[in-house]
Amino acid sequence: MVVKVNNLVKRYGDLLALDHLNLEVRSGEIFGLLGPNGSGKTTAINCILSLLKYDKGDITVFDKPMTPDAYDIKKDIGVVMQEVAVFNELTVYENIDYFCGLYVSDKAKRRALVDEAIDFVGLNDFRKFRPKKLSGGLLRRLNIACGIAHKPKLIILDEPTVAVDPQSRNKILEGIVDLNKLGATVIYTSHYMEEVEQICSRIMIIDKGKVIASGTKDELKSMITLGEKITLDVFSIDEAQLEGLRQLRNVTSVEYSGGILVIRSLKGKNNLERVLEYVKTEGISFGKIYSEMPTLNDVFLEITGKELRD
């Protein structure tokens, strides 16, 4: 087990930030840690890294107790936090070299690692640039390079794609998957559910410091009652026909606007077939039809009962 958290309790005065949290991260996986703002994600990460004292519980990393001075463990961990942490006075190369030098003293070995990290995140054309000259996406990639240049076995990424363009986001996600394929275990937090669904092999959702769901994306989707979202291009439909659709078994809502009919249903068999049979019986003309199964975002909102918090 790469990370094991047992019965973790952390209080900030009267606020219970982590409420007997249990968490396991297995070797070789990309583990998604999700939760609304204020749910305890960052507190949990800081406790795992032994940056915060906690009131109760046990934490092991690489099967060893994690402590503030456990440098033999920390040298194999790479951390990329949400806030970009680089030196504005140093160039791209110098920043990565500095952070890599915290773990690797041999200059020749470090030079090779820095070159590899620069190539990995696609910053070869910006080696001599200072951070202020970089776009938001390039700055995020520099931040990642600083955290992974020493080739850690465990990489913790906290919201690494916040406020970047789609091209940079794709580059970052591809890089995370590549790091995982090269042997790194990854803990990944994000508010972008499609990212987590795309790259994470196992996901945990926490709220108010407690685990409220855990499993693969398919296992999480099986926990909710939501079924398909059926969308039809409809040329004309009257209110009586819309009400008839609302009365179909498993249908939870029917919306019609601008020629688009959207029907949401509970989980169950033959939902699409019932809708098609009804529109044909009623003589409702339609064009394209789409059926979409629930996404991880649907799971998140149903399980937490709220949208993401500010």
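Refer to the structure presented above.
Our subject in this report is the structure included herewith. Each residue is numbered by its place in its chain's sequence as written, counting from 1. Per-residue local features of the predicted model are confined to residues with pLDDT of at least 70, and side-chain atom pairs are confined, for both listing and counting, to 80 or more; whole-chain, interface and lining totals are unaffected and use all residues. To obtain the side-chain values, all non-hydrogen atoms of the structure were used and water was disregarded.

**Some points on the overall build of the protein chain**
Here is step 1: The numbering of helices and of strands both runs from the N terminus, where a helix is a DSSP run of H or I of at least 4 residues and a strand a run of E of at least 2. A tally of helices and strands in the protein chain yields 11 helices and 14 strands.
Here is step 2: Across its three principal axes, the protein chain shows a C-alpha extent of roughly 75 × 50 × 35 Å.
Here is step 3: Summary of the burial criterion: residues with accessible area below 20% of their type's maximum are buried, those above 50% are exposed, and those between are partly exposed, where the area comes from a 1.4 Å probe applied to protein chains only. Scored against the burial criterion, the 310 residues of the protein chain give a buried share of 46%.
Here is step 4: Any two residues whose heavy atoms approach within 4.5 Å are treated as being in contact. Of the contacts formed within the protein chain by residues at least 6 apart in sequence, a portion of 67% connects residues at least 24 apart.
Here is step 5: Note that accessible areas follow from Shrake-Rupley with a 1.4 Å probe, and for residues the cover is restricted to the protein chains shown. Carbon and sulfur atoms provide 50% of the accessible area of the protein chain, an area that totals close to 15700 Å².

**As for the pairing of strand 13 (residues 260–266)**
Here is step 1: Relative to strand 13, strand 11 (residues 226–234) is paired through 6 bridges, and the arrangement is antiparallel. Each residue of the ladder has a partner; that of D233, found in strand 13, is I260.
Here is step 2: Relative to strand 13, strand 12 (residues 251–257) is paired through 6 bridges, and the arrangement is antiparallel. Counted as the bridge partner of Y256 is L261 from strand 13. Two strands qualify as a pair provided that DSSP identifies no fewer than 2 bridges between them.

**Some thoughts on the environment of M223**
Here is step 1: In this structure, M223 sits in the loop between helix 8 (217–221) and strand 11.
Here is step 2: On the basis of relative accessible area, M223 is assigned to the partly exposed category, the value being 46%.
Here is step 3: Measuring from C-alpha to C-alpha, the distance between M223 and K133 comes to 47 Å, with 90 residues separating the pair along the chain.
Here is step 4: If near-sequence neighbours (up to four positions away) are discounted, M223 is found in contact with A213, S214 and K267.

**Some thoughts on the packing of helix 3 (residues 92–101) against helix 4 (residues 107–121)**
Here is step 1: Working convention: axes come from line fits to C-alpha atoms, limited for helices to the stretch in contact. Angles between N-to-C directions cover 0 to 180 degrees. Where helix 3 contacts helix 4, the two axes come as close as 9 Å, and the packing angle between them is 125°. Between helix 3 and helix 4, the interaxial angle falls into the category oblique. Relative to helix 4, helix 3 is oriented so that their crossing is right-handed. Between helix 3, through Y93, I96, D97, C100 and G101, and helix 4, the contact on the second element is made entirely by R110, R111, L113, V114, D115, A117 and I118.
Here is step 2: Classes in brief: Ala, Val, Leu, Ile, Met, Phe, Trp, Tyr, Cys and Pro nonpolar; Asp, Glu, Lys and Arg charged; the others, Gly included, polar. Taken together, the residues of the contact of helix 3 with helix 4 sort by class into 7 nonpolar, 1 polar and 4 charged. If an angle is under 35 degrees, it is roughly parallel; if it is over 145, roughly antiparallel; if it lies from 65 to 115, roughly perpendicular; otherwise it is oblique. For a crossing to be left-handed, the near helix must be turned anticlockwise from the far one by less than a right angle; the clockwise case is right-handed.

**Some thoughts on the sheet that holds strand 1 (residues 3–12)**
Here is step 1: A sheet is described by the order of its strands in space; here 4 strands give the open sequence 2-1-4-5, paired in antiparallel fashion. The sheet is open, and its two edges are formed by strand 2 (15–25) and strand 5 (64–65), each paired on a single side.
Here is step 2: For strand 4 (residues 56–61) and strand 5, the ladder comprises 2 bridges, and the chain directions are antiparallel. For V61, the partnering residue across the bridge sits in strand 5 and is K64.

**Re the sheet that holds strand 12**
Here is step 1: Overall, antiparallel pairing links the 4 strands, which are arranged 12-13-11-14 in an open sheet. The open sheet is flanked by strand 12 and strand 14 (286–292), the only strands paired with a single partner. Neighbour-to-neighbour, the strand axes of this sheet turn through a mean angle of 15°, independent of strand direction.

**Digging into a nonpolar patch on the surface**
Here is step 1: Exposure above 30% relative accessible area and the absence of a salt bridge qualify a residue for a patch, where like charges join within 9 Å and nonpolar side chains (Val, Leu, Ile, Met, Phe, Trp, Tyr) within 5 Å. For this document, the term salt bridge refers to a Lys or Arg side-chain nitrogen within 4 Å of an Asp or Glu carboxyl oxygen. Together, F87, Y98, L102 and Y103 give the surface a local cluster of nonpolar side chains, amounting to about 390 Å² of exposed area.
Here is step 2: Note that L102 resides in the loop between helix 3 and helix 4.
Here is step 3: L102 gets classed as exposed once you look at its relative accessible area, which sits at 52%.

**Structural notes on the packing of aromatic side chains**
Here is step 1: Any two rings among Phe, Tyr and Trp, with Trp reduced to its six-membered ring, count as a pair given centres within 6.5 Å; such a pair is stacked if its planes are under 30 degrees apart, edge-to-face if over 60, and tilted if neither. Tallied over the entire structure, the rule returns 4 aromatic pairs.
Here is step 2: Here the aromatic rings of F87 and Y98 are separated by 5.1 Å at their centres, their planes lie at 90°, and the arrangement is edge-to-face. You can see F87 sitting in the loop between strand 6 (77–80) and helix 3 and its partner Y98 sitting in helix 3, a full 11 residues away along the chain.
Here is step 3: Residue classification places F87 among the partly exposed positions, given a relative accessible area of 34%.
Here is step 4: On the numbers, 5.8 Å between centres and 20° between planes, the contact of F87 with F99 is stacked. Linking F87 in the loop between strand 6 and helix 3 with F99 in helix 3, this pair joins segments that are 12 residues apart in sequence.
Here is step 5: Three or more aromatic residues joined by ring pairs form one cluster here, namely F87, Y98 and F99.
Here is step 6: The rule is short: NZ of Lys or CZ of Arg within 6 Å of the ring centre and within 35 degrees of the ring normal puts a charge over the ring. The ring of Y12 has K10 sitting right over it, with the charged end atom 4.9 Å from the ring centre.
Here is step 7: The ring of Y192 is capped by R169, whose NZ or CZ atom sits 3.9 Å from the centre of that ring.

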